[in-house]
Amino acid sequence: MNAALLVIDVQESFRQRPYFEPVRAAAYLERQNTLIAKAQTRGLPIVRILHTDGPEDASNPFALCSGHVRPLEGLVEFAEAARFVKRRHSALVGTGLDVWLTERGIRRLVVNGIRTEQCCETTTRHASDLGWSVDYLLDATLTFDMHTPDGRPLTADALFERTAAALHQRFAHVSDVATWCQTPLTERPSYL
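Since the model is a prediction, treat every value here as computed from it, not as a measurement. (Residues numbered from 1 in each chain as written. Predicted model: local features only at pLDDT ≥ 70, side-chain atom pairs only at ≥ 80, totals over all residues. Heavy atoms only, no water.)

### Thoughts on the sheet that holds strand β4 (residues 108–114)
Thinking step 1. Read across the open sheet, the six strands follow the order β3-β2-β1-β4-β5-β8; overall the sheet is parallel. Strands with a single pairing partner mark the edges of an open sheet, and in this sheet they are β3 (82–86) and β8 (173–175). Taken pair by pair, the neighbouring strands of this sheet meet at an average axis angle of 20°, ignoring direction.
Thinking step 2. Sheet topology places β4 next to strand β5 (residues 133–142); six bridges connect them, and they run parallel. (Pairing = 2+ DSSP bridges. Helix = DSSP H or I, 4+ residues; strand = E, 2+ residues; numbered from the N terminus. Axes fitted to C-alpha atoms, helices over the stretch in contact; angles between N-to-C directions.)

Structure (structure tokens):
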């Protein structure tokens, strides 16, 4: 089965946000870089996806003119098979990524990046609904603490747990980097 690694929104924009956690990000980057190295060894195409939105103003870290819509410092360099810039949560909306994948016969996506419950999860659900099989590598995603609408704290760990429960065996095979690196790509995820 042809597969591609989607590196979603691993960009400096997040470092500019007050919720950014350098220690959590450093641990995440270590796993992210391990994943990229293994994908390179396996000969998988690696697709970089960046996010832009909001006002096109230099004070907005997600505006192209801010200079922050670029790879996150500490992310290993890799040869991009393709690069897409998105304006929506799903990397498959309005970018041409779906066409690029289809033209290359890619039927399996390996999803990772920032944020766990937002762009990574949304892309996973969308891809699954369009017929791709998805490996969602939870520990190669990053998110941050949030608050519920009534103001209660919701930790990043709780978001990881919720995302895994919502996606696993429904929209994706949820796994971790170590397991994925040891599993041959010829094995089909058990939910298929």
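From this point, the discussion proceeds with the structure in view.
### With respect to the packing of aromatic side chains
Thinking step 1. Tallied over the entire structure, the rule returns five aromatic pairs.
Thinking step 2. Plain terms: the ring middles of F20 and F144 are 5.9 Å apart, the flat faces sit at 45° to each other, and that makes the pair tilted. Here the residue F20 occupies a position in the loop between β1 (3–8) and α1 (22–42), and F144 occupies one in the loop between β5 and β6 (146–147), the gap between them amounting to 124 residues.
Thinking step 3. Take F20: its relative accessible area is 11%, and that puts it in the buried class.
Thinking step 4. When its relative accessible area of 0% is taken as the criterion, F144 is described as buried.
Thinking step 5. Where F84 meets W100, the ring centres are 6.4 Å apart and the plane angle is 75°; that geometry is what we call edge-to-face. One end of the pair, F84, is in strand β3; the other, W100, is in helix α2 (residues 97–103), with 16 residues separating them in the sequence.
Thinking step 6. W100 sits in the buried class, given a relative accessible area of 11%.
Thinking step 7. The structure contains a cluster of three or more aromatic residues connected by ring pairs, namely F14, Y19, F20, F62 and F144.
Thinking step 8. Here the guanidinium or amino end of R42 rests over the ring plane of W180, the centre of that ring lying 4.4 Å away.
Thinking step 9. The ring of Y19 has R115 lying over it, and the distance from NZ or CZ to the ring centre is 5.0 Å. (Phe/Tyr/Trp six-rings, centres within 6.5 Å; stacked < 30°, edge-to-face > 60°. Buried < 20%, exposed > 50% of the residue type's maximum accessible area, 1.4 Å probe, protein only. Lys NZ or Arg CZ within 6 Å of the ring centre and 35° of its normal.)

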